[in-house]
Amino acid sequence: MASLNVRVVSPERIVFQGEASAVVAPAWDGQVGILPGHAPLLALVGVGELSVDRPGGGSASFQVAGGVLKVERDTVTVLTEYAGDEPPAEIPASAIVDPEDVEG
Amino acid sequence: MAGSRDVKRRIKSVENTRQITRTMELVATSKLKRATDRVHAARPYADALAEIVSGLYSPGLSEQYPILRRPAEVKRAAVLLLTANRGLCGGFNSNLIKQARNLMEHLRGQGVETELHIAGKKAVAYFRFRGEEMMTKRVDIGDLPSVDDAESLVAPIRDRFERGEIDAVYLVSSKFVSAMSTPPHTRDLLPIQGDAKAAAADSFIVSPNGDMILERLLPAYVRNAVYTALVENAAAEQGARRSAMKSATDNAGDVLEHLTRTYNRARQAQITQEIAEIVGGSAALE
């Protein structure tokens, strides 16, 4: 079965790197689920929990805030301003998107 | 003999110095290890960010974003200089200061006004002594600089650029080639040097839209350039300190060897003289 190659990167380090069968990420407008074979995607990341299902079962999850998410050819790269086990003390400005600002 | 006592005292003092420099060398080595790890850990983010930004970037965007503006003429430029807070690291700080001074002289020679932004106690002290005006004086960034440090350092400068108060920003810091090689280096921080690659974003589902993503990524891109420089500079500082302390330790060893030889010679001469005196004395009695 195809799997995803996932990388979660914060400015200071690689938070997670490995194989996954599914990823659920907090995009700016809600959770996005990503399975193998997903179309190329580039999305802003909001604030919330990112969870990664491992191929053999089990999952890992992190709190992330801000940044951008890229999916291309079963490679998921999450560049986030903040990543950790606890929710961020302060929400980075780039993680807040006012839906009013979005055209169309 | 008076001479040999002086030499003995100096030997003691050089031994103490060697002890201290060796300890500092060891401390720098262990800090260097941590700092280098941080340099390597910061690279994946920087690479991935650069890739995404250049994918979204196109030359036409410069009218839309103040941060991408390309002034036709540079009237006023900012120099952001990063140095260490501490000395005893060889030519590290003075090389950086010299690099910044040369850059400023060069800019002034072209009729460009300059302003200085400084992080690091050493450069702050130097330019204060020279009576040079500094717009930023940061001395609170330590051995392990954080992303927040980079953001708070660069945000006012970025804002000034966006408002058109300055037309270019240069970043002077040490490039961390290896622990032994940390040359001072000048980078163009702003305007952003975008390489106009074919926009790959066309085939992507982009959410919410390219503009809004860029609007958030560009400041992060600038901040990250400063963060990378801070982290590299911190590692370079430790590398420079380790080399400086290693050569000081080696040098103390050489001095000690020389002094010990001098001391032994003096001691030997004294003993020889005493024997000669005794022999002379007993000969006189016969």
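Placed above this text is the structure.
Definitions and limits used
Residues numbered from 1 in each chain as written. Chains lettered and ligands numbered in written order. Predicted model: local features only at pLDDT ≥ 70, side-chain atom pairs only at ≥ 80, totals over all residues. Heavy atoms only, no water. Phe/Tyr/Trp six-rings, centres within 6.5 Å; stacked < 30°, edge-to-face > 60°. Helix = DSSP H or I, 4+ residues; strand = E, 2+ residues; numbered from the N terminus. Buried < 20%, exposed > 50% of the residue type's maximum accessible area, 1.4 Å probe, protein only. Arc of directions from axis to C-beta. Contact = heavy atoms within 4.5 Å. Pairing = 2+ DSSP bridges. Axes fitted to C-alpha atoms, helices over the stretch in contact; angles between N-to-C directions.

A. How the structure looks around the packing of aromatic side chains. Under the definition given, this model contains 2 aromatic pairs over all chains. Measuring from ring centre to ring centre gives 5.7 Å for F16(A) and F62(A), while their planes differ by 55 degrees; the resulting arrangement is tilted. Pair noted here: F16(A) is in strand β2 (residues 13-20) and F62(A) is in strand β7 (residues 59-72), with a separation of 46 residues, a long-range link. Using a relative accessible area of 9% as the deciding quantity, one classes F16(A) as buried. When the centroid spacing of 5.0 Å and the interplanar angle of 90 degrees are considered together, the rings of Y126(B) and F127(B) count as edge-to-face. The exposure class of F127(B) is buried, given its relative accessible area of 1%.

B. Up close: helix α3 (residues 121-129) of chain B. Residue and element names in this part refer to chain B. All buried positions along α3 are accounted for by A123, V124 and F127. The buried residues of α3 all sit within an arc of 105 degrees when viewed along its axis, so they share a single face. Residues of α3 that are exposed and angled more than 90 degrees away from the buried face: R128 and F129. In this structure, the buried side of α3 is in contact with β1 (76-82), α2 (92-109), β2 (113-119) and β3 (136-138). The first or second residue beyond α3 is G131, which carries a positive phi of 70 degrees.

C. Up close: the sheet that holds strand β4 (residues 168-174) of chain B. Residues and elements named next belong to chain B. Here 5 strands make up an open sheet; going across it, the order is β3-β2-β1-β4-β5 and the pairing mixed. Edge positions in the sheet fall to β3 and β5 (184-190), since each has one partner strand and no second. The mean angle between the axes of side-by-side strands here comes to 20 degrees, regardless of whether they run parallel or antiparallel. Where β2 lies against β3, 3 bridges are found, and the strand directions are parallel. Residue pairing for β3: I118 is matched across the bridge by K137. Packing against the sheet, helix α4 (residues 147-162) makes contact with β1, β2, β3, β4 and β5, and its axis sits at approximately 170 degrees to β1.

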